[in-house]
Amino acid sequence: MTDLSIFSYLPNPRLWKASIVARLCGVDLEIRGTSPGQLADWLWDIEARPLEPGEKSELSAIARNGRVGLTTTLYKTEAFMAAHPFGNVPAGFAPDGTGIFESNSIMRAVARLGGGRCQLYGDDPYIASRIDSFLDVTLMFAREIQIYVLALWGNRLDATLHDNAIQGFTAYFGGIEQALAADRKFLVGDGLTLADIAFFAELALLHNEYRHADQITRLGLQPFLCDETASAYPRSVAHFEKLRRHEAFVPDAEDYLGQFPEITKTR
Ligand SMILES: N[C@@H](CCC(=O)N[C@@H](CS)C(=O)NCC(=O)O)C(=O)O
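## Focus: the sheet that holds strand β5 (residues 63–65)
Two modes of strand pairing occur in sheets, parallel and antiparallel, and in both the strands are linked by backbone hydrogen bonds.
Piece 1. Read from one edge of the open sheet, 4 strands run β4-β3-β6-β5, paired in mixed fashion. For this open sheet the edge positions go to β4 (49–50) and β5, each flanked by a neighbour on one side alone.
Piece 2. Pairing analysis gives 2 bridges linking strand β3 (residues 42–44) to strand β6 (residues 73–76), with the strands arranged parallel. By the bridge assignment for β6, L43 is matched with Y75.

Below is the structure:
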């Protein structure tokens, strides 16, 4: 039986948080979704599905404008909104329809479902909480980076947006670099945890920056993924490059990241 189902645009690095943990902890996920552009042609529901031809006209009562990142009309059912009050994807669903939102929390749910098979969420309350600390700061970084990447997608980057993103980037990477000091192999303890997986997923998402290099340089601004970042945060960049080759990460990350240069290489 499926332990958890997730509806999302695909591919979505934030969804990998759950799929990587599921792979490592033997949890059965059902993933539904389509490309971001085609989510407007899907019913956002506990049983998400493609809309039938002509069905949109019958659904005008539930049509609503996308709010974050998705600028088209979306068809979110009342059941979806009851389960997901913020109306976002990735959207997790327990077998009884209980909604689990925020990709970090969906990931935590998968780790909990893994029970004793899962070594990724610490084995005492203090280590689990330290992992949570990293997940909280990663969410703050993710928020800054989302604003930046969405501005790039909308071709509306400006110096202020870029400056805000710099603040978020330097604060987060300063902490990650510090956490990996003295040749630590992982962010928490001696093994892979949810903290590393969330770091990896959000930095993977930032790779979309490469698609918009012209927009950034035209404004006289500096991309984040560049040689200077590799020099300023060598442990963080090496950690990312190591994780992308981990066997549990490769099925999600290989094709997606293969579209982009490695951070350590000059574009
Ligand atoms: N912090 C959230 C971000 C989720 C999010 O913002 N999702 C956006 C797409 S990027 C969304 O679902 N937007 C729905 C809408 O625009 O109505 C997470 O990690 O899950």
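## Regarding the domain arrangement of the chain
Piece 1. Taken domain by domain, the chain comprises domain 1 (4–117) and domain 2 (125–258).
Piece 2. Between domain 1 and domain 2, the contact holds 19 residues from the first and 22 residues from the second.
Piece 3. With both chains or domains summed, domain 1 and domain 2 bury close to 1900 Å², and 69% of this area falls on carbon and sulfur atoms.
Piece 4. Taken together, the links from domain 1 to domain 2 amount to 4 salt bridges.
Piece 5. We note a salt bridge from D252 to R23, for which the minimum N-O separation is 3.0 Å.
Piece 6. Summed over the shared surface of domain 1 and domain 2, the number is 7 residue pairs in polar contact (both at pLDDT 80 or more).
Piece 7. Put simply, the parts of the chain that give the side of domain 1 that touches domain 2 at least two residues each are α1 (13–25) and α3 (103–114).
Piece 8. Per element, the largest residue contribution to the side of domain 1 that touches domain 2 is 9 residues, and it comes from α1.

## Section: the nonpolar core
Piece 1. One finds V21, Y148, L187, L194, F199 and L206 to be the most contacted residues of the largest nonpolar core, which totals 84 residues.
Piece 2. Of the domains in this structure, domain 1 (4–117) and domain 2 (125–258) are the two that each give at least three residues to this core.
Piece 3. Not counting residues up to four positions away in its chain, the partners in contact with L187 are R130, F134, I176, A179, L180, A195, D196, F199 and H239.
Piece 4. The next biggest cluster of nonpolar side chains, apart from the first, holds 5 residues, and it includes L43, L51, L59 and Y75.

## Side note on the side chain of N104
Piece 1. Secondary-structure assignment places N104 in helix α3.
Piece 2. Judged by relative accessible area, which is 5%, N104 ranks as buried.
Piece 3. Polar contacts involving the side chain of N104 include one to the main-chain carbonyl oxygen of L135, which spans 3.1 Å.
Piece 4. Discounting residues that sit within four places of it in the chain, N104 has contacts with K17, L135, L139 and A198.

## Topic: the site of the ligand
Piece 1. Looking at the ligand, there are 15 residues lining it, with R67, V68, K76, V89 and S103 nearest.
Piece 2. The separation between an oxygen atom of the ligand and a polar side-chain atom of K76 is 2.7 Å.
Piece 3. At a separation of 2.8 Å, a nitrogen atom of the ligand approaches a polar side-chain atom of E102.
Piece 4. Relative to its unbound accessible surface of 520 Å², the ligand loses 94% to contact with the protein.
Piece 5. With respect to the detected pockets, the ligand is housed in the largest pocket.
Piece 6. At the level of secondary structure, the elements contributing two or more residues to the shell around the ligand comprise β6 and α4 (125–153).
Piece 7. When grouped by side-chain class, the residues that make up the shell around the ligand number 6 nonpolar, 5 polar and 4 charged.

Rules used throughout
- Throughout this description, residue numbers start from 1 for each chain and increase along the sequence as written.
- In keeping with the predicted nature of the model, local features appear solely for residues at pLDDT of at least 70, side-chain atom pairs appear and are counted solely at 80 or more, and the whole-chain, interface and lining totals rest on all residues.
- Side-chain calculation: all heavy atoms of the structure are included, whereas hydrogens and water are not.
- For two strands to count as paired, DSSP must find a minimum of two bridges between them.
- Helix and strand labels come from DSSP, where a helix needs a run of H or I of at least four residues and a strand needs a run of E of at least two; each type is numbered from the N terminus.
- Here the limits of each domain have been adopted from an automatic or database domain assignment.
- The contact criterion used is simple: two residues touch if any of their non-hydrogen atoms lie within 4.5 Å.
- We define buried area as the total accessible area lost by two parts upon association, computed with a 1.4 Å probe and summed across both.
- Salt bridges are defined by distance alone: a side-chain nitrogen of Lys or Arg within 4 Å of a carboxyl oxygen of Asp or Glu.
- Polar contact criterion, stated in full: a pair of N or O atoms within 3.5 Å, where within protein one must be able to donate a hydrogen and the other to accept it, and residues adjacent in sequence count only if both atoms are side-chain atoms.
- Residues belong to one nonpolar core when they are buried, are Ala, Val, Leu, Ile, Met, Phe, Trp, Tyr or Cys, and are joined through side-chain atoms within 4.5 Å.
- Classification of residues uses two cut-offs on accessible area relative to the type maximum, computed with a 1.4 Å probe and protein chains only: under 20% is buried, over 50% is exposed, and between them is partly exposed.
- Proximity is defined per residue: if any heavy atom of the residue lies within 4 Å of a molecule or strand, that residue is considered near it.
- Working definition of accessibility: Shrake-Rupley area with a 1.4 Å probe, residue cover restricted to the visible protein chains.
- Buried and open spaces are told apart on a 1 Å grid over the protein atoms alone, a cavity being a set of points where a 1.4 Å probe fits but cannot get out and a pocket being an open set with protein on both sides within 12 Å along at least five of seven lines. Residues with an atom within 4 Å of a point are the lining residues.
- A cavity or pocket is said to hold a molecule if more than half of that molecule's atoms lie within 2 Å of its grid points.
- In the scheme used here, Gly and all other residues not listed as nonpolar or charged are polar, with Ala, Val, Leu, Ile, Met, Phe, Trp, Tyr, Cys and Pro taken as nonpolar and Asp, Glu, Lys and Arg as charged.

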